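Working through the structure, step by step
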Amino acid sequence: MAIIITNGKIVSSKTVITKDIRIVGEKIENIGSNLAKAGDEIIDAEGFYILPGGIDVHTHFDSEAGGIAADTFTTGTKAAIMGGTTTIIDFAEPVKGGSLRRALEEWNKKTIGKTYADYGFHMTISHWNENTYREMEEMVKEGITSFKMFFAYEDLMVGDGSIYQALKRAKKLKALINFHCENGDIINVMRKEAISKGNIEPIYHMKTRPPSLEREAISRLLTMAELVNTPVYIVHLSSKEGYEEIQTARQRGLKVFVETCPQYLLLDKSYYIPKGNDPFEGAKYVMSPPLRDKESNEVLWKGIVNGKIDVIATDHCGFNYRRQKELGREDFTKIPNGAPGVENRFKLIYTYGVEKNIIDMKKLVEVISENPAKIFGLYPKKGVIQRGSDADIIVFNPKGMSLIKAENQIQNVDYNLYEGFGQYGRLQYVFLRGQLVVKDEKLLDLKPVGKYQKRSLTIEENS
Ligand code: URP
Ligand code: ZN
Ligand code: ZN
Ligand code: ZN
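Residues numbered from 1 in each chain as written. Chains lettered and ligands numbered in written order. Predicted model: local features only at pLDDT ≥ 70, side-chain atom pairs only at ≥ 80, totals over all residues. Heavy atoms only, no water.

It is worth spelling out the domain arrangement of the protein chain at this point. In terms of domain boundaries, the protein chain breaks down into domain 1 (3–51 + 383–399 + 422–443) and domain 2 (53–382). Taking only C-alpha atoms, the centre of domain 1 and the centre of domain 2 are 30 Å apart. In this complex, domain 1 contributes 34 residues to the contact, which on the side of domain 2 involves 31 residues. Of the roughly 2700 Å² buried between domain 1 and domain 2 on both sides combined, carbon and sulfur atoms contribute 61%. Joining domain 1 to domain 2, the criterion identifies 5 salt bridges. Scanning the region where domain 1 abuts domain 2 turns up 12 residue pairs in polar contact (both at pLDDT 80 or more). Listing elements by their share of the side of domain 1 that touches domain 2, those giving two or more residues are β7 (49–52), β16 (393–403), β17 (422–432), β18 (435–439) and β19 (442–443). (Domains from an automatic or database assignment. Contact = heavy atoms within 4.5 Å. Buried area = accessible area lost by both parts, 1.4 Å probe. Salt bridge = Lys/Arg side-chain N within 4 Å of Asp/Glu carboxyl O. Polar contact = N/O pair within 3.5 Å; in protein donor to acceptor, adjacent residues only side chain to side chain. Helix = DSSP H or I, 4+ residues; strand = E, 2+ residues; numbered from the N terminus.)

Taken together, His180 (ND1) and His236 (NE2) make up the full set of protein donors to the zinc ion (ligand 3), lying 2.1 Å away. One can describe the donor arrangement at the zinc ion (ligand 3) as irregular, given that its 4 donor atoms subtend angles of 56 to 149° at the metal. A distance of 3.9 Å spans the gap from the zinc ion (ligand 3) to the zinc ion (ligand 4). Of this pair, His180 sits in strand β12 (residues 176–180) while His236 sits in the loop between β13 (232–234) and α8 (240–251), and the two are 56 residues apart along the sequence. (Donors = N, O, S within 2.8 Å, 3.2 Å for Na, K, Ca; no water. Tetrahedral: all angles 85-135°; square planar, octahedral: opposite > 155°, others 65-115°.)

Let us look at the nonpolar core. One finds Leu51, Phe147, Phe179 and Leu222 to be the most contacted residues of the largest nonpolar core, which totals 107 residues. Here this core takes 7 residues from helix α7 (residues 211–228), the largest share from any one element. Split by domain, this core shows at least three residues from each of two domains, domain 1 (3–51 + 383–399 + 422–443) and domain 2 (53–382). With sequence-adjacent residues up to four places away left out, Leu51 is seen in contact with Val11, Phe346, Met361, Leu364, Val365, Ile385, Asp392, Ile393, Ile394 and Phe396. (Core = buried A, V, L, I, M, F, W, Y, C linked by side-chain atoms within 4.5 Å. Buried < 20%, exposed > 50% of the residue type's maximum accessible area, 1.4 Å probe, protein only.)

Okay, the sheet that holds strand β6 (residues 41–44) next. Spatially, β5-β4-β1-β6 is the arrangement adopted by the 4 strands of the open sheet, whose pairing is mixed. Bordering the open sheet on either side are β5 (27–32) and β6, each of which pairs with just one other strand. When strand polarity is set aside, the average angle formed by the axes of neighbouring strands in this sheet is 20°. By the bridge criterion, 3 bridges tie strand β1 (residues 3–6) to strand β4 (residues 20–24) in an arrangement that is antiparallel. Within β4, the residue paired with Ile4 across the bridge is Arg22. (Pairing = 2+ DSSP bridges. Axes fitted to C-alpha atoms, helices over the stretch in contact; angles between N-to-C directions.)

Turning our eyes to something else, we now look at unusual backbone geometry. Here the amide bond leading from Ser288 into Pro289 is cis, since omega sits at -5°, within 30 degrees of zero. Within the element layout of this structure, Pro289 appears in the loop between α9 (262–266) and α10 (294–305). For the bond running from Tyr379 to Pro380, omega is 0°, close enough to zero to count as cis. Of note, the phi angle at Asn229 is positive, near 60°, even though the residue is not glycine. Relative to the assigned elements, Asn229 resides in the loop between α7 and β13.

Before going further, it helps to spend a moment on the site of ligand 1. Around ligand 1, the neighbouring residues are His58, His60, Lys148, Tyr153, His180, His236, Met287, Ser288, Asp315, Cys317, Asn337 and Gly338. Here an oxygen atom of ligand 1 sits 3.2 Å away from a polar atom, N or O, in the side chain of His60. With respect to ligand 1, the backbone of Asn337 contributes an N or O atom lying 3.2 Å from a nitrogen atom. When ligand 1 sits alone it has 270 Å² of accessible area, and the protein chains cover 95% of it. Considering only residue class, the shell around ligand 1 consists of 3 nonpolar, 7 polar and 2 charged. (Near = heavy atom within 4 Å. Areas by Shrake-Rupley, 256 points an atom, 1.4 Å probe, with all protein chains shown as cover. Nonpolar A, V, L, I, M, F, W, Y, C, P; charged D, E, K, R; others polar.)

With that settled, consider the layout of surface pockets. Each pocket or cavity is described by its volume, and for the largest pocket that value is around 930 Å³. Forming the walls of the largest pocket are 47 residues, and the residues nearest its centre are Ala65, Gly66, Tyr153, Asp155 and Leu156. Counting residues per element, the ones that place at least two in the lining of the largest pocket are α2 (100–111), β11 (146–150) and α5 (184–196). The greatest single-element share of the lining of the largest pocket, amounting to 4 residues, is contributed by α2. Looking at the lining of the largest pocket, its residues break down into 18 nonpolar, 17 polar and 12 charged. The computed volume of the second largest pocket comes to approximately 360 Å³. Forming the boundary of the second largest pocket are 20 residues, of which Glu343, Lys347, Ser402, Gln423 and Glu441 lie nearest the centre. For the lining of the second largest pocket, the elements supplying multiple residues, two or more each, are α11 (345–354), β16 and β17. Here the lining of the second largest pocket gets 4 residues from one element, more than from any other, and that element is β17. When the residues that make up the lining of the second largest pocket are grouped by side-chain class, the tally is 7 nonpolar, 8 polar and 5 charged. Summarising the domain contributions, the lining of the second largest pocket has at least three residues from each of domain 1 (3–51 + 383–399 + 422–443) and domain 2 (53–382). (1 Å grid on protein atoms, 1.4 Å probe; cavity = no way out; pocket = protein on both sides within 12 Å on 5 of 7 lines; lining within 4 Å. Points joined across faces, edges and corners; volume = space filled by probe spheres on them.)

So this is what it looks like as structure tokens:
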């Protein structure tokens, strides 16, 4: 028996077409007209959009870096599914100087049989030695075709020499490296200076991470990428300054993939100023890079519109306000960095992008599903509705309105960055590999059916 989704508007980055979709088992068997056969189950999607399942390539579930993340792979992927995201790519984190293989084994234990969405890993590289060099190749064979390196965070950052060597290795292996771009050395000094002057409140998290330090790290990265002549991926771009640096490098012919996140499009640095009685409330927005000014919000939206920003991911890294964020009440440098959002991406971008006429549905699909799949070696298995692809499908009803409230969320965090924000639309159906996982905004009572995704090479496809 097959499932037929009929009368819906199927969206890709290029087209919106009204056709039937025939799902058999885990796959899209056919797209066309009058596909129903006797015994098929028919879903009428009149008035609804049909989108490829969202792909969030930047989450931190079960993370141990900078505090124990509030969401496990189980709660985090449940929230993802409820937000129309059927695949996530998270980060495996080797201990400093430790084996990548060991980290993969540990992350397999955290995930196999425990996720509600399909998933893959980027491998974090926080230390460079001969083992790292060797194991990068092993990881690529395991389908981990992307890595992550940091210019910031005392425990994670590596020097330029290590980054240069890793880029050369990645080029050889046709793998892609994600970069967190902020000048960590200077930030570390500025943080100590702030504390020594008694500047302990959350707002100093923002003040000690100015946008010029994002621009500087981007400039350094792109200089190295140019030397090595290999593409790079910049995560969570937050500022106009960083954006402009990327455009300059592109004019020299560099291939740079750029990601931003809903928080850098929709929120600004005024959130660090306490509004109610709690002077510490800004801690909810302590993430790196920090929120910027409204001008940066606008520049990043423009970047999405004109195709200069490729991906919107969430950087979901949830810590509870009570007991976790609060560790930094007397010292902002002790506030765990990161914020939740995996559940909110799709409707936020629909509401504040499409409904506001900044982007159309095709662009929405491009940045939340198609580009992430293409850049990270999941396409065309995922990221598109076409014959032979995985039947990861969202049936989205643009009508209806709700308010975002932490008390209603699935993600395992006690606050929401967008508390009280209105959002449009309803998830009528979400399918993961042909299996119905959400029906009319309700998560069906299923086992964790998510599967590890062995990804193909990234650079070959992209250059
Ligand atoms: O503050 C953040 N973003 N925490 C998660 C780790 C990272 O930098 O991506
Ligand atoms: Zn561990
Ligand atoms: Zn980062
Ligand atoms: Zn992150």
